[in-house]
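Chain and residue survey
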Amino acid sequence: MSAVLILDCETSGLSPQNAGIVEVAAVAVIDGEVAGSWVSLTWPGYEHLSRPEHWAVLTNVSRIYAGLLLDAPDVSEAAWELRRWATGILGELPLSATSFNVGFDRAFIAAHAAPLQERLAWQDCLMERARRALSLPRWPSLATACEALGVEQSGEHRALADAMSAAKLWLALEGKR
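Per chain, residue numbering runs from 1 following the sequence as it is written. Residues qualify for local features only when their pLDDT is at least 70, as the model is predicted, and side-chain atom pairs are given and counted only at 80 or more; totals for whole chains, interfaces and linings, by contrast, use all residues. For side-chain calculations, the full set of non-hydrogen atoms in the structure is used, while hydrogens and water are omitted.

As a further point, take the overall build of the chain. The way it works is that DSSP assigns letters per residue, a run of H or I at least four long becomes a helix, a run of E at least two long becomes a strand, and they are numbered from the N terminus. A count of helical and extended segments in the chain gives eight helices and five strands. N-terminal to C-terminal, the α/β element order of the chain is β-β-β-α-α-α-β-α-α-β-α-α-α. The quantity called the radius of gyration is restricted to C-alpha atoms. Its globule counterpart is 2.2 Å times the number of residues to the power 0.38. Rg of the C-alpha trace for the chain: 15 Å, near the compact-globule value of 16 Å for 177 residues, within the 12% margin. In terms of overall dimensions, the chain has C-alpha extents of about 45 × 35 × 25 Å along its principal axes. Burial classification: accessible surface area is computed with a 1.4 Å probe over protein chains only, and a residue below 20% of its type maximum counts as buried, one above 50% as exposed, and the rest as partly exposed. Within the span of the chain, comprising 177 residues, buried residues form 51% of the whole. Every residue pair with non-hydrogen atoms within 4.5 Å of one another is taken to be in contact. Restricting to contacts in the chain with at least 6 residues of sequence separation, those with at least 24 account for 64%. Looking at the chain as shown, the accessible area adds up to about 8300 Å², and 52% of this sits on carbon and sulfur atoms. For the chain, the distance from the average position of its 14 positive side-chain charges to the average position of its 21 negative side-chain charges is 6 Å. Where accessible areas are quoted, they stem from the Shrake-Rupley method and a 1.4 Å probe; at the residue level, only the protein chains shown are allowed to cover. Positive charge is attributed to Lys and Arg, negative charge to Asp and Glu, and no charge count is given to His or to the chain ends. The atom standing in for a charge is NZ when the residue is Lys, CZ when it is Arg, CG when it is Asp and CD when it is Glu.

So, in structure tokens, the structure goes:
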């Protein structure tokens, strides 16, 4: 069985030291097919929502507003839920994982979602794979990479839409689409 977990985090900023995860999603791909998906809003804590720049990122990029986060589980609780879901689909072994921007998502997951991080075996960054394979400029967007491969995007700047688009991109890069 060939399996990978495609992850995406929406955050309240660009640095895990002063921003938190507000939404996390995963798409499980098994033997070249999407086998399931999981998503949760998360409460990152007041310290990661207290500055105006946090809200500018959230409302302008992700369209996530405070009211959506008030009843969300805290990040560590969501990480445990995601870990249980992924283990149920993919099994007990370290989960082979990737994302469009592995450096960004891995840093936030390591800083804020330790129960999940300890089960992940990170693969190559999809952004870097797409850049090399398609001769794209440095730091291409997910939209640019999808367009270059003819992959239809599922939406933008929400965790599940980006994770699904990244899963389609992964399948295209693997030659399984």
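Next up on the list: the nonpolar core. Here the nonpolar core consists of buried residues drawn from Ala, Val, Leu, Ile, Met, Phe, Trp, Tyr and Cys, with membership extended through side-chain atoms lying within 4.5 Å. Judged by nonpolar contacts, the single largest core of 52 residues is most densely connected at Leu5, Leu7, Ile109 and Leu120. If we skip the residues at most four places from it in the chain, Leu7 touches Ala25, Ala26, Leu82, Ala97, Thr98, Ser99, Asp105, Ile109, Leu120 and Trp122.

If charged atoms from side chains of opposite charge come close, those side chains can pair. The rule for a salt bridge is simple: a side-chain nitrogen of Lys or Arg has to be within 4 Å of a carboxyl oxygen of Asp or Glu. Taken as a whole and assessed by the stated rule, the structure comprises five salt bridges. Across the salt bridge formed by Glu118 and Arg83, the nearest N and O atoms sit 2.6 Å from each other. With a gap of 35 residues between them, Glu118 in the loop between α5 (114–117) and β5 (120–122) and Arg83 in helix α3 (residues 75–90) connect regions that are remote in the sequence. The class of Glu118 is exposed, set by a relative accessible area of 56%. The shortest N-O distance in the salt bridge between Arg132 and Glu128 comes to 3.6 Å. One end of the pair, Arg132, and the other, Glu128, are both in helix α6 (residues 126–134), four residues apart, so they sit about a helical turn from each other. Given a relative accessible area of 29%, Glu128 falls into the partly exposed group. Connected via shared salt-bridge partners are Glu128, Arg131 and Arg132.

The rule for a disulfide is simple: a pair of cysteine sulfur atoms within 2.5 Å. Across all of its chains, the model carries zero disulfides by this definition. Cysteine Cys9 shares no disulfide, and the gap to the nearest cysteine sulfur, in Cys125, comes to 13 Å.

Here Thr98 is to be found in strand β4 (residues 95–98). Within the structure, Thr98 has its side chain in polar contact with the backbone oxygen of Asp124 (distance 2.7 Å). In contact with Thr98, not counting residues within four places along its chain, are Val4, Leu5, Ile6, Leu7, Trp122, Gln123, Asp124, Cys125, Leu126 and Trp170. Between N or O atoms, a polar contact is any pair within 3.5 Å; within protein, one atom must be a potential hydrogen donor and the other a potential acceptor, and residues adjacent in sequence are included only when both atoms are from side chains.

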